[in-house]
Amino acid sequence: MKAYDIVIVGGGPAGLAAAVAAKRAGNDSILILERDHELGGILNQCIHNGFGLHTFKEELTGPEYASRYIEQVIELGIDYKLNTMVMDISQDKVVTAMNREDGMFTIPAKAVILAMGCRERPRGALNIPGYRPAGIYSAGTAQRLVNIEGYMPGKEVVILGSGDIGLIMARRMTFEGANVKCVAELLPFSGGLKRNIVQCLDDYGIPLLLSHTVVDIEGRERVEAVTIAEVDENLKPIPGTEKRYTCDTLMLSTGLIPENELSRSAGVEMSPITSGPLVNESFETSIPGVFACGNVLHVHDLVDYVSEEADKAGEHAAAYVAADGALAEGGEEVKVVAEGGARYTVPTTVNVERLGDSLTIRFRVSGVFTGSYVNVYLDDERISHKKKRIMAPGEMEQVVIPKSKLAEHADLKTITVKVESE
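How each quantity is defined
Residues numbered from 1 in each chain as written. Predicted model: local features only at pLDDT ≥ 70, side-chain atom pairs only at ≥ 80, totals over all residues. Heavy atoms only, no water. Helix = DSSP H or I, 4+ residues; strand = E, 2+ residues; numbered from the N terminus. Rg over C-alpha atoms; globule rule 2.2 N^0.38 Å. Buried < 20%, exposed > 50% of the residue type's maximum accessible area, 1.4 Å probe, protein only. Core = buried A, V, L, I, M, F, W, Y, C linked by side-chain atoms within 4.5 Å. Contact = heavy atoms within 4.5 Å. Phe/Tyr/Trp six-rings, centres within 6.5 Å; stacked < 30°, edge-to-face > 60°. Salt bridge = Lys/Arg side-chain N within 4 Å of Asp/Glu carboxyl O. Pairing = 2+ DSSP bridges. Axes fitted to C-alpha atoms, helices over the stretch in contact; angles between N-to-C directions.

How should the overall build of the chain be read in this particular structure?
A count of helical and extended segments in the chain gives 8 helices and 26 strands. Its C-alpha radius of gyration of 22 Å places the chain within 12% of the 22 Å reference for a compact globule of 422 residues. Taking the principal axes of its C-alpha atoms as reference, the chain extends roughly 65 × 60 × 40 Å. Within the chain, the fraction of its 422 residues that count as buried is 53%.

What am I meant to see in the nonpolar core here?
The nonpolar side chains of a soluble globular protein tend to be buried, and buried together. Counting 67 residues, the largest nonpolar core has Ile6, Ile8 and Ile89 as its most contacted members. With 9 residues, helix H7 (residues 303–322) is the single largest residue contributor to this core. Sequence-distant contacts of isoleucine 89, defined by excluding residues within four places in its chain, comprise Val9, Val94, Val95, Val112, Leu114, Leu262 and Ala266. By size, the runner-up hydrophobic cluster in this structure holds 21 residues, among which are Val334, Leu359, Ile361 and Val399.

What am I meant to see in the packing of aromatic side chains here?
Centre-to-centre distance and the angle between the planes together describe a pair of aromatic rings. For the coordinates displayed, the defined rule picks out 5 aromatic pairs. Ring geometry for phenylalanine 291 and tyrosine 320: centres 6.0 Å apart, planes at 80°, overall edge-to-face. Of the two residues, phenylalanine 291 is situated in strand S19 (residues 290–292) and tyrosine 320 in helix H7; the sequence distance between them amounts to 29 residues. For the pair phenylalanine 291 and tyrosine 320, a shared accessibility class is recorded, and that class is buried.

Whenever I open this one, the side chain of threonine 360 confuses me. Can you help?
Position of threonine 360 among the secondary structure elements: in strand S22 (residues 358–363). Residues in contact with threonine 360, not counting those within four places in the same chain, are Lys312, Val346, Pro347, Gln398, Val399 and Val400.

So what exactly am I meant to see when it comes to the pattern of salt bridges here?
Two side chains carrying opposite charge are able to pair once their charged atoms lie near each other. Enumeration over the complete set of coordinates arrives at 16 salt bridges. When the shortest N-O distance is used, the salt bridge between arginine 144 and glutamate 149 registers 3.6 Å. Taking the shortest distance from any N to any O, the salt bridge between arginine 354 and glutamate 281 comes out at 2.8 Å. Highlighted residues: arginine 354 in the loop between strand S21 (349–351) and S22 and glutamate 281 in the loop between helix H6 (261–266) and S19, separated in sequence by 73 residues. Residue classification places arginine 354 among the partly exposed positions, given a relative accessible area of 22%. Accessibility expressed as a relative area gives 8% for glutamate 281, which makes it buried.

Looking at this structure, I do not really get the environment of serine 384. What am I missing?
In this fold, serine 384 is placed in strand S24 (residues 381–391). Considering only alpha carbons, one finds serine 384 and lysine 312, 72 residues apart in sequence, at a separation of 24 Å. Residues in contact with serine 384, not counting those within four places in the same chain, are Val374, Asn375 and Val376.

Please clarify how the sheet that holds strand S23 (residues 369–378) should be interpreted in this entry.
Two orientations exist for strands paired in a sheet by backbone hydrogen bonds: parallel and antiparallel. The strand order S21-S20-S26-S23-S24 describes an open sheet built from 5 strands, whose pairing is mixed. What marks the edges here is a single partner per strand, and that holds for S21 and S24. On average, each strand axis in the sheet is tilted by 20° relative to the strand beside it, whichever way the strands run.

So what exactly am I meant to see when it comes to the pairing of strand S26 (residues 414–420) here?
It is a general feature of regular strands that their side chains alternate between the two faces of the sheet. Where strand S20 (residues 333–340) and S26 come together, 6 bridges link them in parallel fashion. Residue pairing in the sheet places valine 336 in a bridge with isoleucine 415 of S26. Here 6 bridges tie S23 to S26, and the two strands are oriented antiparallel to one another. Considered in S26, the bridge of tyrosine 377 is made with threonine 416.

See the structure below:
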C-alpha cells in the first residue's frame, strides 16, 4: 500500500477538519480512513440544528455542517478510504487496516492523527437488574434508527440519563408521535446543555427527574415497564420512592466515552479522567508524531470546538512532517494542572516556544457551581480571575492566555486552572 505523510483515523468532523487544515498547511500526502460507508461521522444522524454558529457563523444541521467539510476534502483532492477498519497503529506509525477491496494492508506514515470520536456507555456498565428484553436502546442507536434507517424504536418511552443525545431524542421521539414518559438522571444535575433541557424537555412538558434511576426492568420478550426510584447522596436507591412506568422502550443516555482502543494498544499515555490521550499544546500525544483531536481526546459539547482543535492538530501534524519528524526545538515543558472544581485540562503540557499568539485551555467542572471564579495561576501568581454565574459538568469551559503573558515568566513550571469561591 502507498505510503502517506499523514494518516487520519476517522472521517467525522475531527478527521475532516484535521485533513483540511493539514492540506492548507502545505502537505499533499494525506489519507483519511473511515469505517462507515460515508464521511461525516456521527453528524450524519444529527438532523437537528444548532451546529456551526462559531465555525460558519450560521446555524446548520449536522449533515449540513459535515457537508461543508466533505466538500472541502473533495475540492482539495484529499484521499480517503471508506468501509475501512483500522486494526492497529504501531509506535513507529505503521497503520494496519482492512477492507473488502484491499484485504488487510499496512500504511507507513510520518504522522498519525487520531480522530475516532466517542461511543456510548453500554447498559452492562450500569448494573440495571432485570432480563434482557427487546426495546432497550442506547440513545445514539435510536437516533440512527429514526433519522437514517427510518424505523420507530417504540411508542411509550422512558429515557435514563440526561446527556445531550438523550435530551434531543426525547424531543425527536415526541415529534414522531411517541409518548416520552420522563427522563431520569442519577445525578442531582443534568449531563446536557441547558439549552437542550429547555428546548427538548421543558417546551414539550417532559419531566426531568434528577437524583433518580431505573431499579427494575419488566418484560421477557419486550420491555413492558420500568421502575424508577429516587437515590440518596451516595447514589443508592431510597426504599419507598419507587414508581412504575409502563413503556415499550428504554433509552440509555448515560454518557460518552472516547473511542480509544487503538490509542491504548499503540501505547499512548491516557488520562484517567477523560479516558482520552494526554496531549501537549500541539495536540501531540506521548508518542512523537501521533496527534489526537475531537471526541477521542475528550468529549465536547459543541462540534465547533472539535473543528477548532482538529484545525490545530492538522496544522501541527503538517509542521511535524515538514520538520522531518520534529516540532520546534527549544523551550521548557510546562505542566497544566486542574485543581478545585476543575476536573481536567486539555492540554496537560505546554511548550511556550511552540505556541501561536495564545494558549486555549479547555476543561469541565466536577459539579454545579454558582457565583464561583475561574482562576488561572502561573506558578503562584494569579493572572486571571473571572466570575462565572453558573458552571455545570454538561458544558465545557475554557480560558485563553496570551503567549506574551506566559513569556513574562522565564522559569515557568506550572499553569494551574482552579474553580474557587473567590
